[in-house]
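Residues per chain are reported as follows:
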Amino acid sequence: MKIYNTMTRKKEEFVPIREGKVGIYVCGPTVYDFIHIGNARPMIVFDTLRRYLTYLGYEVNYVSNFTDVDDKIIKRANEEGVESTVISERYIAEVKKDMCSMNVQEATTHPKATEEIPDMIALVETLIEKGYAYEVNGTVYFRTRQFKEYGKLSHKNLDDLRSGNRSLKVSGEDEKEDGLDFVLWKPKKEGEPSWPSPWGEGRPGWHLECSCMSKKYIGDVIDIHAGGEDLIFPHHENEIAQSEAANGTEFARYWMHNAFLKINNEKMSKSLGNFFTVREISEKYPLQVIRFFMLSAHYRSPLNFSDDLVESAKNGLERIVTAYEKVAEAAGKATVSDMTAQETEYAAKIDEFLKKYEAAMDDDLNTADAISVVFELVKLLNTTVNADSSKAYCDKMATVFKQLCDILGIETVREQELLDEDIERLIEERQQARKNKDFARADEIRNSLLEQGIALEDTREGVKWKKI
Ligand code: AMP
Ligand code: ZN
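Residues numbered from 1 in each chain as written. Chains lettered and ligands numbered in written order. Predicted model: local features only at pLDDT ≥ 70, side-chain atom pairs only at ≥ 80, totals over all residues. Heavy atoms only, no water.

Peer 1: Whenever I open this one, the overall build of the protein chain confuses me. Can you help?
Peer 2: From N to C terminus, the protein chain includes 15 helices and 15 strands. In terms of its C-alpha atoms, the protein chain occupies a principal-axis envelope of roughly 80 × 65 × 40 Å. When the 468 residues of the protein chain are sorted by exposure, 50% land in the buried category. In the protein chain, the share of contacts with a sequence separation of at least 24, taken over all contacts with a separation of at least 6, comes to 75%. Summed over all atoms, the accessible surface of the protein chain reaches about 22100 Å², with 48% contributed by carbon and sulfur. Side chains of the protein chain give 63 positive and 82 negative charges; the mean places of these two sets differ by 1 Å. (Helix = DSSP H or I, 4+ residues; strand = E, 2+ residues; numbered from the N terminus. Buried < 20%, exposed > 50% of the residue type's maximum accessible area, 1.4 Å probe, protein only. Contact = heavy atoms within 4.5 Å. Areas by Shrake-Rupley, 256 points an atom, 1.4 Å probe, with all protein chains shown as cover. Lys, Arg positive; Asp, Glu negative; His and termini not counted. Charge placed at Lys NZ, Arg CZ, Asp CG, Glu CD.)

If you want it as structure tokens, here you go:
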């Protein structure tokens with residue numbers, strides 16, 4: 001498989017560090033609110049990369065963090081008058097729900113910054129020992145100029161960066177040795193969460209957590225490091241500086257960055273206010289549609305969000321699901337077992353499509369071309385599968401068809417809507433279970449409904465339910 005490496009700006013053949021194994025680190029969200037569909041793009045894209053590498057036979061160690069200590073979380077906690085952990089735990093649960101509805105598999109490990117503080121402190125200590133960091137009044141800074149290769153990922157020149165940073169230095173950061181230095185550890189402010197450290201009570205800087213967690217859960221050198229393209233500078237540049245300075249070895253072999261999801265040709269972002277949360281969109285479309293929409297473009301091309309494009313993704317997905325239903329039904333009813341000579345020829349075509357699909361995915365995860373191949377297969381299916389088809393042919397078609405969809409994380413079966421009467425029946429059963437003191441069953445029903453987006457509320461007038 002070839003991967004476009006942001007570091008070399010070239011497509012390169014992917015060669016893992018350890019045979020048969022791949023370690024992937026994807027920078028995850030800051031959990032202070034619901035995620036928007038821009039944040040969903042890297043989740044869907046790199047989940048698809050993981051699925052494809054697994055299909056190729058690799059054992060994938062997929063690590064993606066939750067940034068659960070940050071100014072935005074603290075601000076929100078103060079607004080609501082609760083501890084930061086209440087906010088972060090709430091939104092981690094919500095992000096996980098969204099990920100599940102988008103068929104994004106749980107990471108092998110989802111580390112949280114707040115649970116890795118001792119390792120982060122150790123990393124800062126190493127950097128200080130090696131002369132790459134220094135402390136001033138409880139703040140520890142990274143000595144950027146000391147790391148000679150700084151700027152190699154973003155292809156920025158240190159002197160250009162310096163002139164851009166001059167104004168910063170004037171505006172109060174004059175305790176730094178150099179305007180380019182960035183924070184590794186910051187001292188506690190009133191009302192903020194903090195941890196003890198050799199430099200006093202404080203908390204880690206954002207860049208530090210990824211250097212630390214990737215080392216702990218993957219190793220000093222990781223195969224693939226990924227995230228949205230806004231992270232190239234300064235976040236990934238700083239991660240490289242921290243990790244390579246501390247470990248004395250290359251940090252990541254391949255750097256992959258997805259382009260932005262845009263709206264009216266502007267990046268979708270919280271700060272611009274031009275965003276839709278994944279949760280809002282889920283009220284309009286099944287999130288399968290959003291996943292399919294995201295994969296309909298190559299991950300390095302900007303993608304504009306519009307109702308028209310999402311509608312067309314919805315129709316495309318409908319064609320896929322309908323075709324799969326057709327072949328599944330034909331397989332179930334087939335009376336002839338072996339393929340005819342004609343079917344054997346069609347089966348060879350199926351194999352050709354599979355090769356073409358793999359070629360697209362091997363070409364830097366070209367999901368747009370891979371989806372075109374799925375539609376070619378839909379066409380072949382619709383013209384060759386019928387009531388007279390053999391079981392062998394239907395099975396072959398169904399197996400390959402499903403495989404191609406699975407790699408993209410696309411469900412081939414229609415999402416079953418839970419009908420109101422089913423919900424009422426389950427609530428009744430739960431009431432009965434509670435009467436019988438079978439609380440385990442009662443909880444099981446409540447949790448199963450919750451997983452399907454139905455929340456129960458016990459009120460004086462009885463049990464009420466709502467869709468969430
Ligand atoms: P954040 O919580 O802002 O750090 O973002 C989490 C992830 O979403 C990062 O990998 C970002 O690069 C990515 N991201 C944020 N906005 C967009 C967008 N509009 N399009 C694509 N990716 C985005
Ligand atoms: Zn990161």
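Continuing now.
Peer 1: How should I be thinking about the domain arrangement of the protein chain in this particular structure?
Peer 2: Quoted interface sizes are often the accessible area lost when the parts come together. In terms of domains, the protein chain is made up of domain 1 (2-258), domain 2 (307-408) and domain 3 (420-467). The distance between the C-alpha centroids of domain 1 and domain 3 comes to 41 Å. (Domains from an automatic or database assignment.)

Peer 1: What is the right way to read the pattern of salt bridges from this model?
Peer 2: One side chain can pair with another of opposite charge once the charged atoms of both are near each other. Counted according to the given criterion, the structure contains 37 salt bridges. Here R203 ties to D71 by a salt bridge, and the two come within 2.6 Å at their closest N and O atoms. Here D71 lies in helix 2 (residues 71-80) and R203 lies in strand 8 (residues 202-204), a separation of 132 residues in the sequence. The class for R203 is buried, based on a relative accessible area of 4%. With its nearest N and O atoms 2.9 Å apart, the salt bridge here joins E116 to K216. A residue pair is termed long-range when its members are at least 10 positions apart, and E116 in the loop between helix 3 (84-101) and helix 4 (117-129) and K216 in helix 6 (residues 206-217) qualify at 100 residues. Here the salt bridges share partners, and the residues they tie into one network are D33, R76, E80 and R90. (Salt bridge = Lys/Arg side-chain N within 4 Å of Asp/Glu carboxyl O.)

Peer 1: Explanation requested: the nonpolar core in the structure shown.
Peer 2: Across soluble globular proteins, nonpolar side chains have a tendency to be buried as a group. Formed by 91 residues in total, the largest nonpolar core has its most connected members in L53 and I224. Ranked by the residues each element gives to this core, the list is headed by helix 13 (residues 391-408), at 10 residues. Residues in contact with L53, not counting those within four places in the same chain, are M1, F14, V22, I24, Y58, V60 and I224. Formed by 41 residues, the second largest nonpolar core is a distinct cluster that contains F182, L231, A245 and A246. (Core = buried A, V, L, I, M, F, W, Y, C linked by side-chain atoms within 4.5 Å.)

Peer 1: Could you clarify how one ought to interpret empty space enclosed by the protein in this entry?
Peer 2: Picture a little ball the size of a water molecule; that probe, rolled over the atoms, points out where space is still empty. For the structure shown, the criterion picks out 1 cavity of 30 Å³ or more. Computed from the structure, the largest cavity encloses a volume of approximately 30 Å³. Every residue lining the largest cavity is listed: V45, M294, L295, A297, Y299, L365 and T367. Among the residues making up the lining of the largest cavity, the classes are represented as 6 nonpolar, 1 polar and no charged. (1 Å grid on protein atoms, 1.4 Å probe; cavity = no way out; pocket = protein on both sides within 12 Å on 5 of 7 lines; lining within 4 Å. Points joined across faces, edges and corners; volume = space filled by probe spheres on them. Nonpolar A, V, L, I, M, F, W, Y, C, P; charged D, E, K, R; others polar.)

Peer 1: What am I meant to see in the site of ligand 1 here?
Peer 2: Taken together, 16 residues sit near ligand 1, with G38, G228, D230, L261 and M268 positioned nearest. Taking D230, its side chain carries an N or O atom lying 2.4 Å from an oxygen atom of ligand 1. One of the side-chain N or O atoms of N258 is found 3.4 Å from a nitrogen atom in ligand 1. In isolation ligand 1 offers 490 Å² of accessible surface; the protein chains occlude 89% of this area. In this structure, ligand 1 is accommodated by the second largest pocket. Secondary structure elements with two or more residues in the shell around ligand 1: helix 1 (37-55) and strand 9 (222-228). By residue number, the principal contributor to the shell around ligand 1 is helix 1, which donates 3 residues. (Near = heavy atom within 4 Å. Polar contact = N/O pair within 3.5 Å; in protein donor to acceptor, adjacent residues only side chain to side chain. Sits in = over half its atoms within 2 Å of the grid points.)

Peer 1: What is the right way to read the coordination of the zinc ion (ligand 2) from this model?
Peer 2: Tetrahedral coordination by four donors puts the ideal angle at the metal at 109.5 degrees, and octahedral coordination by six puts it at 90 or 180 degrees. Only C27 (SG), C210 (SG), H235 (NE2) and E239 (OE) from the protein reach the zinc ion (ligand 2) as donors, at distances of 2.0 to 2.3 Å. The site at the zinc ion (ligand 2) holds 4 donor atoms, and with the angles between them running 76 to 127 degrees, its shape is irregular. In primary-sequence terms, the residues that donate to the zinc ion (ligand 2) follow C-x182-C-x24-H-x3-E. Taken together, the residues span a long stretch of sequence, with C27 in the loop between strand 3 (21-26) and helix 1 and E239 in helix 7 (residues 232-247) at a distance of 212 residues. (Donors = N, O, S within 2.8 Å, 3.2 Å for Na, K, Ca; no water. Tetrahedral: all angles 85-135°; square planar, octahedral: opposite > 155°, others 65-115°.)

Peer 1: Is there a simple way to explain the sheet that holds strand 10 (residues 252-258) in this structure?
Peer 2: Through backbone hydrogen bonds, the strands of a sheet pair up, either in parallel or in antiparallel fashion. In spatial order, the strands read 4-3-9-10; together these 4 strands make up an open sheet with parallel pairing. Sheet topology places strand 4 (59-64) and strand 10 at the edges, where each strand pairs with a single neighbour. Averaged over all pairs of adjacent strands, the angle between their axes in this sheet comes to 20 degrees, without regard to strand direction. Summarising the sheet, strand 3 and strand 9 pair through 3 bridges and their orientation is parallel. The residue of strand 9 that forms the bridge with V26 is A226. (Pairing = 2+ DSSP bridges. Axes fitted to C-alpha atoms, helices over the stretch in contact; angles between N-to-C directions.)

Peer 1: I'm lost on the sheet that holds strand 5 (residues 133-136) in this one. Help?
Peer 2: Taken in spatial order, the 4 strands make up an open sheet running 5-6-7-8, and their pairing is antiparallel. Each having just a single partner strand, strand 5 and strand 8 make up the two edges of the open sheet. Neighbour-to-neighbour, the strand axes of the sheet open up by a mean angle of 20 degrees, direction not taken into account. As paired elements, strand 5 and strand 6 (residues 139-142) share 4 bridges and run antiparallel to each other. Counterpart to V136 in the pairing with strand 6 is T139.

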